[in-house]
Amino acid sequence: MLYKEKPTANITLVKNEIFLGLPFCATVTLKDEKSGINLENSRWTCSPDSQKIGTNENLYQGTFEEEVQKITLPGQEKEGKYYVHVLVSTFAGELEEFISEPVQISHAPTR
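Everything numeric in this text was worked out from a predicted model, so none of it was measured. (Residues numbered from 1 in each chain as written. Predicted model: local features only at pLDDT ≥ 70, side-chain atom pairs only at ≥ 80, totals over all residues. Heavy atoms only, no water.)

On to the overall build of the protein chain. When its secondary structure is counted, the protein chain shows zero helices and nine strands. Walking the protein chain from its N terminus toward its C terminus, one meets helices and strands in the order β-β-β-β-β-β-β-β-β. For the protein chain, the share of sequence-separated contacts (at least 6 apart) that also reach a separation of at least 24 residues comes to 68%. Of the roughly 6800 Å² that the protein chain leaves accessible, carbon and sulfur atoms contribute 47%. Looking at the protein chain, you have 11 positive and 16 negative side-chain charges, and the mean spots of the two groups are 4 Å apart. (Helix = DSSP H or I, 4+ residues; strand = E, 2+ residues; numbered from the N terminus. Contact = heavy atoms within 4.5 Å. Areas by Shrake-Rupley, 256 points an atom, 1.4 Å probe, with all protein chains shown as cover. Lys, Arg positive; Asp, Glu negative; His and termini not counted. Charge placed at Lys NZ, Arg CZ, Asp CG, Glu CD.)

The subject of this paragraph is the sheet that holds strand β6 (residues 68-73). Think of a sheet as strands paired side by side through backbone hydrogen bonds, with each pair either parallel or antiparallel. The strand order across the open sheet formed by three strands is β1-β3-β6, and the pairing between neighbours is antiparallel. Edge positions in the sheet fall to β1 (8-13) and β6, since each has one partner strand and no second. With strand direction ignored, the average angle separating the axes of adjacent strands in the sheet is 25°. Two elements, strand β3 (residues 24-31) and β6, share six bridges in a ladder whose sense is antiparallel. (Pairing = 2+ DSSP bridges. Axes fitted to C-alpha atoms, helices over the stretch in contact; angles between N-to-C directions.)

Below, the discussion takes up the pairing of β1. Of the two faces of β1, only one is covered, namely that formed by A9, I11 and L13; the face formed by T8, N10 and T12 stays uncovered. Bridge count for β1 against β3 is six bridges, and the pairing is antiparallel. Note on β3: the bridge partner recorded for T8 is K31. (Buried < 20%, exposed > 50% of the residue type's maximum accessible area, 1.4 Å probe, protein only.)

This part takes up the pattern of salt bridges. Per the stated rule, a full pass over the model turns up four salt bridges. Residue E96 is joined to K6 by a salt bridge in which the shortest nitrogen-to-oxygen separation is 3.4 Å. One end of the pair, E96, is in strand β8 (residues 95-99); the other, K6, is in the segment before β1, and 90 residues separate them in sequence. When its relative accessible area of 15% is taken as the criterion, E96 is described as buried. Assessed through its relative accessible area of 57%, K6 is described here as exposed. Taking the shortest distance from any N to any O, the salt bridge between E57 and R43 comes out at 3.6 Å. Of this pair, E57 sits in the loop between β4 (43-47) and β5 (62-63) while R43 sits in strand β4, and the two are 14 residues apart along the sequence. (Salt bridge = Lys/Arg side-chain N within 4 Å of Asp/Glu carboxyl O.)

Written out as structure tokens, the structure is:
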């Protein structure tokens, strides 16, 4: 029996500040107590948008192989705040988007 319970995603940033062009990491924990996580359809991406970007899988570049996974996000070329967006898919067909706390991208200090 499939249930229509909402999944959860915990996004833990390794750092919340990083310099331009450097990749940054996060650990993502996906959970769904009822029907289970559909890893094949769950995705992640990085965006300067703090609002939800939606449940279209094509808007997300990264994929998951495990329910607890460390992801490495590409370095950004513009200063500003960036967010990790995670799209969680369940075997019950639920799609839910989660957004991390911001990562501040800035120039390295000059010496």
